[in-house]
Amino acid sequence: MRKDEQFPDLADTFVAHRSQLCQAAARILGSRDRAEDVVQDAYLKVMEAKTVFSVKEPAAYVFRMVRNLAIDHYRRSTLESNVFAVEEAGQGVPSPAGTPKPFPSAARN
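Conventions adopted
- Residues numbered from 1 in each chain as written.
- Predicted model: local features only at pLDDT ≥ 70, side-chain atom pairs only at ≥ 80, totals over all residues.
- Heavy atoms only, no water.
- Helix = DSSP H or I, 4+ residues; strand = E, 2+ residues; numbered from the N terminus.
- Buried < 20%, exposed > 50% of the residue type's maximum accessible area, 1.4 Å probe, protein only.
- Contact = heavy atoms within 4.5 Å.
- Areas by Shrake-Rupley, 256 points an atom, 1.4 Å probe, with all protein chains shown as cover.
- Salt bridge = Lys/Arg side-chain N within 4 Å of Asp/Glu carboxyl O.
- Patch = residues over 30% accessible without salt bridge, like charges linked within 9 Å, V, L, I, M, F, W, Y side chains within 5 Å.
- Phe/Tyr/Trp six-rings, centres within 6.5 Å; stacked < 30°, edge-to-face > 60°.
- Expected span 1.5 Å × (residues − 1).
- Polar contact = N/O pair within 3.5 Å; in protein donor to acceptor, adjacent residues only side chain to side chain.
- pLDDT = per-residue confidence, 0-100.

Participant: What's the story with the overall build of the protein in this structure? I'm lost.
Facilitator: A count of helical and extended segments in the protein gives 5 helices and 0 strands. Shown N-terminal to C-terminal, the secondary structure of the protein runs as helices and strands in the order α-α-α-α-α. Within the protein, the fraction of its 109 residues that count as buried is 24%. Residue pairs in contact within the protein that sit at least 24 positions apart in sequence constitute 74% of those at least 6 positions apart. Accessible area for the protein stands at about 8,300 Å²; split by element, carbon and sulfur atoms hold 54% of it.

Participant: I tried to follow the pattern of salt bridges on my own but got confused; where do I start?
Facilitator: Opposite charge on two side chains allows them to pair when their charged atoms are near. A complete count under the given rule lists 1 salt bridge for this structure. In this structure, Arg32 and Glu36 form a salt bridge, with 3.4 Å as the shortest nitrogen-oxygen distance. One end of the pair is Arg32 and the other is Glu36, both in helix α4 (residues 32-48) and 4 residues apart, which spans about a single turn. A residue is classified by how much of its surface remains accessible, and Glu36, at 27% relative accessible area, is partly exposed.

Participant: Would you mind going over the environment of Leu29 with me for this structure?
Facilitator: Mapped onto the secondary structure, Leu29 falls in helix α3 (residues 18-29). Along the backbone, Leu29 and Ile71 are 42 residues apart, and their C-alpha atoms lie at a distance of 7.6 Å.

Participant: What exactly am I supposed to notice about a nonpolar patch on the surface here?
Facilitator: Taken together, the side chains of Leu79, Val83 and Phe84 make up a nonpolar region of the molecular surface, amounting to roughly 290 Å² of accessible area. For Leu79, the position within the fold is in helix α5 (residues 58-89). With relative accessibility at 54%, the residue Leu79 sits in the exposed group.

Participant: Explain the packing of aromatic side chains to me, please; I cannot follow it from the model alone.
Facilitator: Each aromatic ring pair is specified by the distance between its two centres and by the angle formed by the two planes. Following the criterion strictly, the structure yields 1 aromatic pair and no others. Taking 5.4 Å as the distance between ring centres and 85 degrees as the angle between the ring planes, the aromatic pair formed by Phe14 and Tyr43 counts as edge-to-face. On the criterion of sequence distance, the pair formed by Phe14 in helix α2 (residues 8-16) and Tyr43 in helix α4 is long-range, its members being 29 residues apart. Judged by its relative accessible area of 3%, Phe14 is buried. Given a relative accessible area of 29%, Tyr43 falls into the partly exposed group.

Participant: Help me out: how do you make sense of α4 in this one?
Facilitator: Every α-helical turn comprises 3.6 residues, leaving residues that sit three or four positions apart pointing alike. Under the 1.5 Å per step criterion, the end-to-end length of α4 is 24 Å for 17 residues, consistent within 8% with the ideal 24 Å. What α4 keeps buried is the set Ala35, Val38, Val39, Ala42, Val46 and Met47. Structurally, the start of α4 carries an N-cap: the backbone nitrogen of Asp33 is 3.5 Å from a side-chain oxygen of Ser31.

Participant: Looking at this structure, how should I read the confidence of the model for the protein?
Facilitator: In this model, the protein carries an average pLDDT of 81, and 72% of its residues clear a pLDDT of 70 or more. Looking at the elements of the protein, mean pLDDT is at its lowest for helix α1 (residues 3-6), recorded as 47, and at its highest for α3, recorded as 96.

Below is the structure:
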């Protein structure tokens, strides 16, 4: 049995609602490109799932899955931008000791 046969409702739902899924993710992320990545990630998670399960409302399930992944991506990118901003801010601070002086090499003695 192929993977797309295991989850026909979910696979069909991704195909049928792809543009709406991308729009929903783009509203959260603020970027159409990142939204498309999230939708693709969600699709792959469904297709790579080891467990076969039945979903009563495939559209609701898929939209919730994309929403949750978009929120995760947004939080991660916000955290990374804050961490890197702090790191970059510290690069311009001069060292109180100045630059280190080179050690005399043993060959010069």
